[in-house]
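Chain residues, written in single-letter form:
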Amino acid sequence: MSEQLLQQIIQKLDRIENEQQAMKSDMGSMKSELGSMKSELGSMKSELGSLKETQALMQSQLSETNAIVRAIRDRQEETDAKLDALSMDVHKLHGELTHLKEGQERHERILEKLSLRSIEQETDISALRRAK
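Residues numbered from 1 in each chain as written. Predicted model: local features only at pLDDT ≥ 70, side-chain atom pairs only at ≥ 80, totals over all residues. Heavy atoms only, no water.

**A look at the overall build of the chain**
Scanning the chain from N- to C-terminus turns up one helix and zero strands. For the chain, the C-alpha radius of gyration of 55 Å lies well beyond 14 Å, the compact-globule estimate for 132 residues. When the backbone C-alpha atoms are referred to their principal axes, the chain occupies close to 185 × 20 × 15 Å. Expressed as a percentage of the 132 residues in the chain, the buried residues total 1%. If you sum the accessible surface of the chain, you get close to 12700 Å²; carbon and sulfur atoms cover 57% of it. Distance between charge centroids for the chain: 9 Å, based on 20 positive and 24 negative side chains. (Helix = DSSP H or I, 4+ residues; strand = E, 2+ residues; numbered from the N terminus. Rg over C-alpha atoms; globule rule 2.2 N^0.38 Å. Buried < 20%, exposed > 50% of the residue type's maximum accessible area, 1.4 Å probe, protein only. Areas by Shrake-Rupley, 256 points an atom, 1.4 Å probe, with all protein chains shown as cover. Lys, Arg positive; Asp, Glu negative; His and termini not counted. Charge placed at Lys NZ, Arg CZ, Asp CG, Glu CD.)

Set out below in structure tokens:
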């Protein structure tokens, strides 16, 4: 083989070697990026787990809140019914009070008439006593 051919082969081998080194370097950086991606994926999985726990807690709290709201609504309905009953009682008592006031006024008028009559009768009796 000639020296020139040998020189070309050596140059080609050097280029291949350089390309291999470049490929190894690229593979190293790819491995590093892959490791970084795995780390980020692990972090994302951890965050996702945390989010799921938070969501489960919020769902539990929402269910509890809904139960409380239902209980409040039921009690409000009971309170409304009691309030309606009390309102009816107040109206009834108001009617009875009005009736009692009317009766009292009537009794006062009768008492006033009786008082006037009594005074008239006492006057008549006094006049009769003087006349004797």
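Back to the text.
**Considering a negative patch on the surface**
A contiguous patch of negative charge, built from D74, E77, E78, D80 and D84, is present on the exposed surface. Residue position: E78 is located in helix α1 (residues 3–131). (Patch = residues over 30% accessible without salt bridge, like charges linked within 9 Å, V, L, I, M, F, W, Y side chains within 5 Å. Salt bridge = Lys/Arg side-chain N within 4 Å of Asp/Glu carboxyl O.)

**Side note on a nonpolar patch on the surface**
Side chains of L5, I9, L13 and I16 sit close together on the surface and give an oily, nonpolar patch of about 330 Å² of accessible area. Residue position: I16 is located in helix α1.

**A word on the environment of S60**
Inspection of the secondary structure puts S60 in helix α1. When its relative accessible area of 43% is taken as the criterion, S60 is described as partly exposed. Separated by 24 residues in sequence, S60 and S36 have C-alpha atoms that sit 36 Å apart.

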